[in-house]
Amino acid sequence: MLRLFRALSHLPLGLLQAMGALLGLVVYATSPTYRKRLRANLAQAGFAPQRLALAVASGTGRMLGEMPYVWFRSGPTAAVRRVRVVGREWVDKARSEGRGILYLTPHLGCFEVSAQTASEWGPITVLYRPPRKAWIASLVQSRPRGQLRTAPATMAGMRPLLRALRNGEAVGLLPDQAPAAGEGVWAPFFGRPAYTMTLPARLAQLTGAQIILVFVERLSFGRGYVQHFLPFDQTLPDDPVQAATRINQGLESLIRMRPEQYLWGYNRYKAPPGSLSQPGAPSVQPTQQATTS
């Protein structure tokens, strides 16, 4: 699989994205579960599924199709060389103040290239959750790193993240990823409770880091990307639910900029095993479940 990805990386970006878009539409047409979840999440957020669903499905396919190019293309034609940056001044301002930077990058656009851009300006540590499938893990581990470091998505991973921010370095997180049980709280996301990680707020509160929202907009026809940096200047309260709610509101504003490039097919509202039930959801007692089974 590694050889295949390396071979695909030599194809033009536009061709890879077009192939991926076709794959995304095929999956949408043949998977009722995926189609239902995508449309339900769009409707929950106030978007018209009949208008955006196909664009979202093809956009998700483009994200998959461009991965060989983003991960393995190097030199002057690397994906990071095709990124135009908007909002770099907010990064420079935080660095001039000696503050660490906490980049929050939702599953929007080409989020895989965002840390590559930041790593060219200085060290960045990203939270890393090893893939369950061995072949995907081997692909991820084979990516060029440079100044990009990884920290495991465990309690032990907190130490390198804190150290990096206190040293004035950068940390990158995917804040809309459902955390493990005990690592999040239920907070509204597009009007529905979603199990939301508390880590971003804790890191910012403990280190005084500047939170910057990031998303990499995918341009059409393989023309490259625009990476947007927007400061998050809201004060985060001590209450973890209120803090997570404010961060989710910031993510919502980012996603509304290009909703067709968001990963709406992700099961964002799932309850991780072992977590408390979603507020308002009916609970089933183990004894009752055993009786009826």
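Before going into details, it helps to say that this report is about the structure given with it.

What counts and how
- Residue numbers here run from 1 along each chain, matching the order of that chain's written sequence.
- Where local features are concerned, this predicted model is filtered to residues with pLDDT of at least 70; where side-chain atom pairs are given and counted, the filter is 80 or more; whole-chain, interface and lining totals use all residues.
- Side-chain metrics rest on all non-hydrogen atoms present in the structure, leaving aside hydrogens and water.
- Pairing between strands requires that DSSP locate at least two bridges from one strand to the other.
- Helix numbering and strand numbering both begin at the N terminus, where a helix is a DSSP run of H or I of at least 4 residues and a strand a DSSP run of E of at least 2.
- Whenever a helix is involved, its axis is fitted only over the stretch in contact; in every case the axis is a line through C-alpha atoms, and angles between N-to-C directions fall within 0 to 180 degrees.
- When checking whether two residues touch, look at their non-hydrogen atoms; a contact exists if any pair is within 4.5 Å.
- Throughout this description, the term nonpolar core refers to a set of buried Ala, Val, Leu, Ile, Met, Phe, Trp, Tyr and Cys residues connected via side-chain atoms within 4.5 Å.
- Note on exposure labels: buried denotes an accessible area under 20% of the residue type's maximum, exposed denotes more than 50%, and partly exposed covers the range between, all computed with a 1.4 Å probe on protein chains only.

## Observations concerning the pairing of strand E7 (residues 192-197)
Bridge count between strand E6 (residues 184-189) and E7: 6 bridges; the pairing is antiparallel. Counted as the bridge partner of Val185 is Thr196 from E7. In sequence, E6 turns back onto E7 through a hairpin of 2 residues, with Phe190 there showing a positive phi of about 55°.

## Thoughts on the sheet that holds strand E1 (residues 83-86)
Here 7 strands make up an open sheet; going across it, the order is E1-E9-E8-E2-E5-E3-E4 and the pairing mixed. Looking at the sheet topology across the chains shown, the edges are occupied by E1 and strand E4 (148-152). Recorded for the sheet is a direction-independent mean angle of 25° between the axes of neighbouring strands. Sheet topology note: the strand E8 (residues 210-218)/strand E9 (residues 225-231) ladder contains 7 bridges and is antiparallel. By the bridge assignment, Val216 is partnered in E9 with Gln227. Along the sheet, helix H11 (residues 240-255) makes contact with strand E2 (101-104), E8 and E9, crossing E8 at roughly 25°.

## Structural notes on the nonpolar core
With 42 residues, the main nonpolar core has Leu38, Leu42, Leu102, Phe189, Leu203, Leu236 and Trp264 as its most contacted residues. Those elements that provide at least two residues to this core are helix H3 (32-44), helix H4 (49-65), E2, helix H9 (158-166), strand E5 (170-173), helix H10 (199-207), E8 and H11. Not counting residues up to four positions away in its chain, the partners in contact with Leu236 are Ala201, Ala204, Gln205, Ile211, Ala243, Arg246 and Ile247. Met67, Tyr69, Trp71 and Phe72 belong to the second-largest nonpolar core, a separate cluster that totals 17 residues.

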